[in-house]
Amino acid sequence: IRHDNAIAGKRVYTLYWHLAAFYVGKGNKVKRGDKIGVMGQTGNASGVHLHFEFWICPEGYIWALKDKAKYAVDPQKYGSPSRSFRVTPLRQKAY
């Protein structure tokens, strides 16, 4: 998710990996409290969980997984995540 707020003139992104279902897509607007997906066990995962990443990238950046080490940061260095970026995991329903 690309966030409208910027840090030091750079774009903020939050990434949510291993989701079993997505409730939003490219171009959708989301706000605090919106459900964006359901935790899952997709990809290389040994159990149901949410892999959360916080990236700060230059304006106009084109996202690339290979740049993870360069742009992934600890969100706690930028204030309380609970105030700015709240994530409430939704567990996948057992069938």
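These figures come from a predicted structure and were not determined experimentally. (Residues numbered from 1 in each chain as written. Predicted model: local features only at pLDDT ≥ 70, side-chain atom pairs only at ≥ 80, totals over all residues. Heavy atoms only, no water.)

1. Remarks on the sheet that holds strand β1 (residues 2–7)
With respect to topology, four strands assemble into an open sheet ordered β1-β2-β5-β6, the strand pairing being antiparallel. Each edge of the sheet is formed by a strand with only one pairing partner; in this case those strands are β1 and β6 (72–73). (Pairing = 2+ DSSP bridges. Helix = DSSP H or I, 4+ residues; strand = E, 2+ residues; numbered from the N terminus.)

2. Brief notes about the pattern of salt bridges
When their charged atoms lie close together, side chains carrying opposite charge are able to pair. Taken as a whole, this structure holds three salt bridges when the rule is applied. Put simply, K31 and D34 hold a salt bridge, and the shortest N to O gap is 3.2 Å. Residue classification places K31 among the exposed residues on the basis of a relative accessible area of 61%. Taking the shortest distance from any N to any O, the salt bridge between K66 and D67 comes out at 3.6 Å. In this structure K66 comes out as exposed when scored by relative accessible area, which is 73%. (Salt bridge = Lys/Arg side-chain N within 4 Å of Asp/Glu carboxyl O. Buried < 20%, exposed > 50% of the residue type's maximum accessible area, 1.4 Å probe, protein only.)

3. Concerning the side chain of D67
Examined against the element boundaries, D67 turns out to sit in the loop between β5 (51–57) and α1 (68–71). Those residues in contact with D67 that sit more than four places away from it in its chain are W55 and Y61. (Contact = heavy atoms within 4.5 Å.)

4. Overview of the confidence of the model for the protein
Model confidence for the protein is summarised by a mean pLDDT of 79, while 82% of its residues fall at 70 or above. Across the protein, the element-wise mean pLDDT spans from 48 in helix α2 (residues 81–84) up to 91 in strand β3 (residues 19–22). (pLDDT = per-residue confidence, 0-100.)

5. Thoughts on the pairing of β5
Of all seven residues that make up β5, five are buried, and the element is covered over most of its length. Of the strand pairs in this sheet, strand β2 (residues 10–17) and β5 are connected by seven bridges, and their pairing is antiparallel. Its bridge partner lying in β5, Y13 is registered against W55.

6. Brief notes about the packing of aromatic side chains
For the coordinates displayed, the defined rule picks out one aromatic pair. With a centroid separation of 5.5 Å and 55° between ring planes, the pair formed by Y16 and F52 is classed as tilted. Within this pair, whereas Y16 is found in strand β2, its partner F52 is found in strand β5, the two being separated by 36 residues in sequence. Since its relative accessible area comes to 28%, F52 is described here as partly exposed. (Phe/Tyr/Trp six-rings, centres within 6.5 Å; stacked < 30°, edge-to-face > 60°.)

7. Description of the environment of V30
With respect to the secondary-structure elements, V30 resides in the loop between β3 and β4 (37–39). The exposure class assigned to V30 is partly exposed, which follows from its relative accessible area of 34%. Considering only alpha carbons, one finds V30 and I1, 29 residues apart in sequence, at a separation of 8.8 Å.

8. Quick look at unusual backbone geometry
Notably, A8 is not glycine yet its phi reads approximately 55°, a positive angle. With respect to the helices, strands and loops of the structure, A8 is situated in the loop between β1 and β2. At H18, a position not held by glycine, the phi torsion is positive, near 75°. Within the element layout of this structure, H18 appears in the loop between β2 and β3.

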